[in-house]
2 protein chains.
Amino acid sequence: MTDVQEIDGAVKEGRRERKRRQTRERIEAAALALFLERGFDGTTIEDITEAADVSKRSFFDYFPSKEEVVFAWQDSFADELADAVAAQPKDASIVAVIEGALTSALLAAMADPQSLAIGALIHDTPVLSARHQLKYAKLETKLTDALYARSGGGEEELLRLRLLSAIVVSTVRIGGERWNERPQDLPLQEFAQDLFRELWAILVDLGALVEQRSSRR
Amino acid sequence: MTDVQEIDGAVKEGRRERKRRQTRERIEAAALALFLERGFDGTTIEDITEAADVSKRSFFDYFPSKEEVVFAWQDSFADELADAVAAQPKDASIVAVIEGALTSALLAAMADPQSLAIGALIHDTPVLSARHQLKYAKLETKLTDALYARSGGGEEELLRLRLLSAIVVSTVRIGGERWNERPQDLPLQEFAQDLFRELWAILVDLGALVEQRSSRR
DNA sequence: TTGTATTTTTGCGTTTAGTGCAATAATTAA
DNA sequence: TTAATTATTGCACTAAACGCAAAAATACAA
């Protein structure tokens, strides 16, 4: 029925699954290389399938669309973040949880040397930019769920966490834009640290500002 | 050279411009009606052009893509918001500026009775959702620019305002989602008021929480 | 090994979005 | 009226994406 063999609880690939995985990787590698070389719009699916030596029709058996090839690699980020949130110490404050989880997830994601080039590709391909925004939206809901799972509050808490997630994801997004624009003289770890420091400071200021205004009327 | 005649500083439409505007409105109306009836994907451009009685080719002379028809109507929102920000009293606090400007811009935008149906259409059409996110991104930068123009601070202030804009836009987005999900028993004005009240309260709490944590280490 | 069931890959045809170009029609200005 | 602009259209073309059925590769059982 299936090619997967279980031995000692581990999973062993059959020839079928191995080849399928290899083909997928071949398509992905060929596509990304071509995208970076000729641009996203300047690359046709046929170009990709020829480079990867599969039929045009097979492409769609592996990826639902041309765009998905670009975003498939980072599909895991949201899940990794959720895991990282769950892995934070039980008694940590929500602020510490977010900072800790995001830093570790970011470091893992940026380990891939291609991530920078892909970021640039997304940045100057309008259709990919639009698609990219959706990633942030998904990230936001996943983060909300992960946080909500930790501190199982009520309905009231949910809005708070959605907003907090939105703030955090916005910070990541804005930070990412900065990271791509500015000279990256400092390592990511410190960059993230600085960014969070600024974020928290701004939130403190903002809180004080709002409080001041609320009490005034 | 141009058909526009200026009389007393007002602009008078020539026949050409009037017809062009009418055609554009006809296409837009036909498209939206069909989208709401058969769904976005279930409507072809030919359906639209037949209903609007123009050639298929002309459609692309008015709209660059099928999606743009959906989003054209709300293109003005960001500008209206920017204007509303500029129109707030000079001495108002940034918090008051945001609340005031957004409330007025929202009320104006929601005056269109179609906006609710279009919101639903966007919500359950994936490709439109992705596109919609981009609107929020643009809104965010416009809001940032408008706020930055008011309180001409330095580089430091810019990050703060970007983040603040992100927070506000996220609030609008999340509020909008709520507005579409929940029974809309209360009028928009009160809804917005409640939403902002919650937002400010959360920001105060969050500020305190962060401060507490920062001072602890 | 051989036969059989399952899965993968491919080829082919079709629909639809979107573009380029050149011809035609409508509008404006002289 | 004529000449110049501008708008509209038809036609051909590219490319993405899907459905379907044939062919190839793989797994498995006897």
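Residues numbered from 1 in each chain as written. Chains lettered and ligands numbered in written order. Predicted model: local features only at pLDDT ≥ 70, side-chain atom pairs only at ≥ 80, totals over all residues. Heavy atoms only, no water.

1. So, the overall build of chain A
- In terms of helices and strands, chain A carries 10 helices and 2 strands.
- In terms of overall dimensions, chain A has a C-alpha envelope of 70 × 45 × 30 Å along the principal axes.
- A burial count over chain A gives 44% of its 217 residues as buried.
- For chain A, long-range pairs separated by at least 24 residues make up 60% of all intrachain contacts whose partners lie at least 6 apart in sequence.
- Total accessible area computed for chain A in this model is approximately 11,900 Å², and 51% of it derives from carbon and sulfur atoms.
- Treating the 28 positive side-chain charges of chain A as one cloud and the 37 negative ones as another, the clouds have centres 3 Å apart. (Helix = DSSP H or I, 4+ residues; strand = E, 2+ residues; numbered from the N terminus. Buried < 20%, exposed > 50% of the residue type's maximum accessible area, 1.4 Å probe, protein only. Contact = heavy atoms within 4.5 Å. Areas by Shrake-Rupley, 256 points an atom, 1.4 Å probe, with all protein chains shown as cover. Lys, Arg positive; Asp, Glu negative; His and termini not counted. Charge placed at Lys NZ, Arg CZ, Asp CG, Glu CD.)

2. Observations concerning the relation of the copies chain A and chain B
- Superposition record for chain A on chain B: RMSD 0.2 Å, screw rotation 180 degrees, translation along axis 0.2 Å. Within this description, the copies of the chain are treated as partners about a two-fold rotation axis. Rotation axis and chain A: the residue whose C-alpha lies nearest the axis is Gly 207 of chain A, separated from it by 2.2 Å. (Least-squares fit on C-alpha atoms with pLDDT ≥ 70 in both.)

3. Regarding the interface of chain A and chain B
- With 41 residues of chain A at the interface, the matching set in chain B holds 41 residues.
- Summing both sides of the interface, chain A and chain B together bury roughly 4,000 Å²; the carbon and sulfur share of this comes to 66%.
- At the junction of chain A and chain B, the tally comes to 8 salt bridges.
- Here chain A is connected to chain B by 6 residue pairs in polar contact (both at pLDDT 80 or more).
- Listed by contribution, the elements that provide at least two residues to the side of chain A that touches chain B are helix H6 (94-109), helix H8 (126-150), helix H9 (155-181) and helix H10 (188-216) of chain A.
- Broken down by element, the residue count for the side of chain A that touches chain B peaks at 15 residues, all from H9 of chain A.
- Here the side of chain A that touches chain B is built from residues that sort into 20 nonpolar, 6 polar and 15 charged. (Buried area = accessible area lost by both parts, 1.4 Å probe. Salt bridge = Lys/Arg side-chain N within 4 Å of Asp/Glu carboxyl O. Polar contact = N/O pair within 3.5 Å; in protein donor to acceptor, adjacent residues only side chain to side chain. Nonpolar A, V, L, I, M, F, W, Y, C, P; charged D, E, K, R; others polar.)

4. Re the protein's contact with DNA strand C
- Surveying the vicinity of DNA strand C reveals 26 residues, the closest of which are Ser 58 and Tyr 62 of chain A together with Arg 15, Arg 16 and Arg 57 of chain B.
- Among all atoms of DNA strand C positioned within 4 Å of the protein, those belonging to sugar or phosphate total 62%.
- Ser 55 of chain A is positioned with one of its backbone polar atoms (N or O) 3.0 Å from a phosphate oxygen of DNA strand C.
- Contacts to DNA strand C include Lys 56 of chain B, whose side-chain N or O atom sits 3.3 Å from a base oxygen.
- When residues of the surface near DNA strand C are traced back to their parent elements, those giving at least two are helix H1 (15-38) and helix H3 (56-62) of chain A together with helix H1 (15-38) and helix H3 (56-62) of chain B.
- In terms of residue count, the dominant contributor to the surface near DNA strand C is H3 of chain A (4 residues).
- Residues of the surface near DNA strand C, tallied by class, amount to 6 nonpolar, 9 polar and 11 charged. (Near = heavy atom within 4 Å.)

5. Notes on unusual backbone geometry
All names here are of chain A.
- Residues other than glycine seldom take positive phi values, yet Asp 53 does so here, at roughly 60 degrees.
- Among the secondary structure elements, Asp 53 is positioned in the loop between helix H2 (45-52) and H3.
- Judged by its relative accessible area of 64%, Asp 53 is exposed.

6. Side note on the protein's contact with DNA strand D
- Close to DNA strand D lie 26 residues, the nearest being Arg 16, Lys 19 and Arg 57 of chain A together with Ser 58 and Tyr 62 of chain B.
- Counted by atom, the contact set of DNA strand D within 4 Å of the protein is 66% sugar and phosphate.
- Ser 55 of chain B has a polar backbone atom sitting 3.0 Å from a phosphate oxygen of DNA strand D.
- Of all elements in the fold, only H1 and H3 of chain A together with H1 and H3 of chain B reach the threshold of two or more residues within the surface near DNA strand D.

7. Points about the domain arrangement of chain A
All names here are of chain A.
- Examined at the domain level, chain A breaks down into domain 1 (5-65) and domain 2 (73-216).
- Its C-alpha centre places domain 1 at a distance of 30 Å from the equivalent point of domain 2.
- Interface area for domain 1 against domain 2, summed over the two sides, is near 580 Å², with a carbon-plus-sulfur share of 80%.
- A per-residue breakdown of the area domain 1 buries against domain 2 is headed by Leu 32, Leu 36 and Phe 40, which together make up 74% of the total.
- Linking domain 1 to domain 2 there are 0 salt bridges.
- On inspection of domain 1 and its partner domain 2, the count reaches 0 residue pairs in polar contact (both at pLDDT 80 or more).
- A class-by-class count of the residues in the side of domain 1 that touches domain 2 yields 4 nonpolar, no polar and 2 charged. (Domains from an automatic or database assignment.)

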